[in-house]
Amino acid sequence: MRLKERVALITGGASGIGLATAKQFLKEGAKMAIADISDESGKCAIEELKTLSPEVIFIRADVSKEDDAKRMVEETVKKFGRLDILFNNAGIWLEGRVEDLPVEKWDHIMSINLRGPFLCSKYAVPQMKKQGKGVIINNSSCNGIIGDYGDPAYCASKGGVALLTRAMALDYAKENIRVNAICCGEIETPMFEHEAKVQNKSVDQYWQEIAACHPMGRLGKPEEAAKAVAFLASDDSSFVTGILLSVDGGLTAI
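Just so we're clear, the structure is a prediction, and the values are computed from it rather than from any experiment.

(A) The overall build of the chain, seen in detail. Scanning the chain for helices and strands turns up 9 helices and 7 strands. Taken against the 2.2 N^0.38 rule, which gives 18 Å for 254 residues, the C-alpha radius of gyration of the chain at 17 Å falls within 12% of a compact globule. Each principal axis of the C-alpha distribution contributes one length, and for the chain these read about 45 × 40 × 35 Å. Split into buried and exposed, the 254 residues of the chain put 53% on the buried side. Just so you have it, the chain exposes about 11900 Å², and 53% of that area is on carbon and sulfur atoms.

(B) Molecular detail of helix 9 (residues 222–233). Between its first and last C-alpha atoms helix 9 spans 16 Å; for 12 residues at 1.5 Å apiece the expected length is 16 Å, and the two agree. Along its buried surface, helix 9 packs onto helix 1 (16–27), strand 4 (85–88), strand 5 (134–139), strand 6 (177–184) and strand 7 (244–247).

(C) Representation of the pattern of salt bridges. Per the counting criterion, the structure on display carries 16 salt bridges. Measuring nitrogen to oxygen at the nearest pair gives 2.8 Å for the salt bridge that ties Arg6 to Asp235. Taken together, the residues Arg6 in the segment before strand 1 (7–11) and Asp235 in the loop between helix 9 and strand 7 connect sequence positions 229 residues apart. Arg6 gets classed as buried once you look at its relative accessible area, which sits at 18%.

(D) Highlighting the environment of Gly81. Position of Gly81 among the secondary structure elements: in the loop between helix 3 (66–80) and strand 4. A sequence separation of 74 residues divides Gly81 from Val7, and the C-alpha atoms of the two residues are 8.5 Å apart. Discounting chain neighbours no more than four positions away, the residues touching Gly81 are Thr76 and Gln127.

(E) Looking closely at the sheet that holds strand 4. Reading across the sheet, the 7 strands line up as 3-2-1-4-5-6-7 and stay open at both edges, with parallel pairing between neighbours. At either margin of the open sheet sits one strand with a lone partner, and together these are strand 3 (56–60) and strand 7. Across the sheet, the mean angle from the axis of one strand to that of its neighbour is 20 degrees, orientation sign disregarded. The pairing of strand 6 with strand 7 spans 4 bridges and is parallel. Within strand 7, the position partnered with Ala181 by the bridge is Leu244. Each of strand 1, strand 4, strand 5 and strand 6 is contacted by helix 5 (residues 115–131), which is oriented at about 175 degrees to strand 4, the strand it contacts most.

(F) Structural view of the state of the cysteines. The full count for this structure, using the stated rule, is 0 disulfides. Of the cysteine sulfurs around Cys142, a residue in no disulfide, the closest is that of Cys183, at 8.0 Å. Given the relative accessible area of 5%, Cys142 is considered buried.

(G) Representation of the packing of helix 5 against helix 6 (residues 152–172) in the model. Between helix 5 and helix 6, the shortest axis-to-axis distance is 11 Å and the interhelical angle comes to 15 degrees. One finds that helix 5 runs roughly parallel with respect to helix 6. In terms of crossing hand, the pair formed by helix 5 and helix 6 is right-handed. Of the residues in helix 6, those touching helix 5 at Pro117, Phe118, Ser121 and Val125 are Val161, Leu164, Met168 and Tyr172. Of the residues assigned to the contact of helix 5 with helix 6, the class counts are 7 nonpolar, 1 polar and no charged.

The rules behind each value
Residues numbered from 1 in each chain as written. Predicted model: local features only at pLDDT ≥ 70, side-chain atom pairs only at ≥ 80, totals over all residues. Heavy atoms only, no water. Helix = DSSP H or I, 4+ residues; strand = E, 2+ residues; numbered from the N terminus. Rg over C-alpha atoms; globule rule 2.2 N^0.38 Å. Buried < 20%, exposed > 50% of the residue type's maximum accessible area, 1.4 Å probe, protein only. Areas by Shrake-Rupley, 256 points an atom, 1.4 Å probe, with all protein chains shown as cover. Expected span 1.5 Å × (residues − 1). Contact = heavy atoms within 4.5 Å. Salt bridge = Lys/Arg side-chain N within 4 Å of Asp/Glu carboxyl O. Pairing = 2+ DSSP bridges. Axes fitted to C-alpha atoms, helices over the stretch in contact; angles between N-to-C directions. Disulfide = S-S within 2.5 Å. Parallel < 35°, antiparallel > 145°, perpendicular 65-115°, else oblique. Left-handed = near helix turned anticlockwise from the far one by under 90°. Nonpolar A, V, L, I, M, F, W, Y, C, P; charged D, E, K, R; others polar.

Pasting the structure below:
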């Protein structure tokens, strides 16, 4: 129960790493809001999460919109009275080399993957300062540390998240607000299934190919990423800020 009575806000909380983290947080005693752009996915997620705890709400929001970012923080505080943990998890993936990538697609991925964490943090930080403490965890990627073939927009957005994390950690260290990021390798989520489809490959075939790139010989599970987030959210990491925690089966060690 490391997160007992803590209040969390998770963006992209209706599926994948976000949903797994919501489950982990609830098991550890947190109260929370999950935000997602999909009403349908959000309602399904809430039904599942409420089997673990009644202390969870769903907020329909688009993290790339300033009004939505402000509103999700306000609604969380209105419901639970405070905000202790923000997990900036919402993100998308797009394929395409620079010469082939339409400008509007570049702008779209930046608006969600990089502008989103900035906006949500912008409105969460004043509340955390008022409380005297807080934790922000960003979902970067192993591709925020190393490059990859065929997805420069994704790599650039996640690299931006990585350095946004470190810059914010310095800015707020003396105000008792810790800022860290997880940098995952390939995780078995709906995004992975989307990648396989874009590559015109079966999920099994794509799994085998991508697993071979990881020294541990497999993909990660959402629950494994969630446990890393829970560590960073808890007092177990009370002297940890500004780190990029690789959860990647050794991929970035190559």
